[in-house]
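Remarks on the overall topology
So you can see what is in the structure, the chains are spelled out below.
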Amino acid sequence: QVQLVESGGGLVQPGGSLRLSCAASGRFFNIATMGWYRQTPGKQRELVAGISSGGSTDYADSVKGRFTISRDNAKNTVYLQMNSLKPEDTAVYYCNADIRQTLYLSYTPYWGQGTQVTVSS
């Protein structure tokens, strides 16, 4: 069974930094795109950043220049380095990965359980 396990959320003051991690575990063939989404109460989940298996990245305009996504393919792990955090970054952050369990199956999106990030003084 494939699982995505997140860590690294918490409470931080405005201007501070946090690093989120998400590791994929279980039996699978390979991982394509990995990404981070966030959601606040009453709003739709939004893409924060994504990274392809080759390392190409994409960011929401609201986090460009402050957040950096990276991945370690050997560890099946994706990271989100968040700097210069603002109160409006407060949300539950979810890890996402498109995973193929065997060579002959299509990719399936998997989600982590979510980790709370709170930016407040």
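Owing to the predicted nature of the structure, the values given are computational and were not obtained by experimental measurement. (Residues numbered from 1 in each chain as written. Predicted model: local features only at pLDDT ≥ 70, side-chain atom pairs only at ≥ 80, totals over all residues. Heavy atoms only, no water.)

1. Considering the nonpolar core
- Within the largest apolar cluster, 31 residues are counted, with the highest numbers of intra-cluster contacts made by Trp 36, Leu 80, Met 82, Tyr 93 and Ile 99.
- With 5 residues, the single largest contributor to this core is strand β9 (residues 91-100).
- Excluding anything up to four places from it in sequence, Leu 80 contacts Leu 18, Arg 19, Leu 20, Trp 36, Val 48, Ala 49, Phe 67, Thr 68, Ile 69 and Tyr 93. (Core = buried A, V, L, I, M, F, W, Y, C linked by side-chain atoms within 4.5 Å. Buried < 20%, exposed > 50% of the residue type's maximum accessible area, 1.4 Å probe, protein only. Helix = DSSP H or I, 4+ residues; strand = E, 2+ residues; numbered from the N terminus. Contact = heavy atoms within 4.5 Å.)

2. Topic: the packing of aromatic side chains
- According to the stated counting rule, one finds 1 aromatic pair in the structure shown.
- Relative to Trp 111, the ring of Tyr 37 lies with its centre 5.0 Å away and its plane at 65°, an arrangement referred to as edge-to-face. Of this pair, Tyr 37 sits in strand β4 (residues 30-39) while Trp 111 sits in strand β10 (residues 108-111); the two residues are 74 residues apart in sequence, bridging distant segments of the chain.
- Among the residues examined, Tyr 37 registers a relative accessible area of 23% and is labelled partly exposed.
- The ring of Trp 111 is capped by Arg 45, whose NZ or CZ atom sits 4.7 Å from the centre of that ring. (Phe/Tyr/Trp six-rings, centres within 6.5 Å; stacked < 30°, edge-to-face > 60°. Lys NZ or Arg CZ within 6 Å of the ring centre and 35° of its normal.)

3. Considerations on the side chain of Glu 6
- Mapping Glu 6 onto the fold places it in strand β1 (residues 3-7).
- A polar contact of 3.2 Å, which involves the side chain of Glu 6, links it to the backbone nitrogen of Thr 115.
- Leave out the neighbours within four places in its chain, and Glu 6 touches Ser 21, Cys 22, Trp 36, Tyr 93, Tyr 94, Cys 95, Gly 112, Gln 113, Gly 114 and Thr 115. (Polar contact = N/O pair within 3.5 Å; in protein donor to acceptor, adjacent residues only side chain to side chain.)

4. Details of the sheet that holds strand β3 (residues 18-25)
- Reading across from one edge, β1-β3-β8-β7 is the order of the 4 strands in this open sheet, with antiparallel pairing throughout. Taken across any chain shown, the strands that pair with only one partner, and hence form the sheet edges, are β1 and β7 (67-72). The sheet shows a mean angle of 15° between the axes of neighbouring strands, taken without regard to direction.
- Where β3 meets strand β8 (residues 77-82), 6 bridges bridge the pair, whose relative direction is antiparallel. Looking across to β8, one finds that Ala 23 is bridged to Thr 77. (Pairing = 2+ DSSP bridges. Axes fitted to C-alpha atoms, helices over the stretch in contact; angles between N-to-C directions.)

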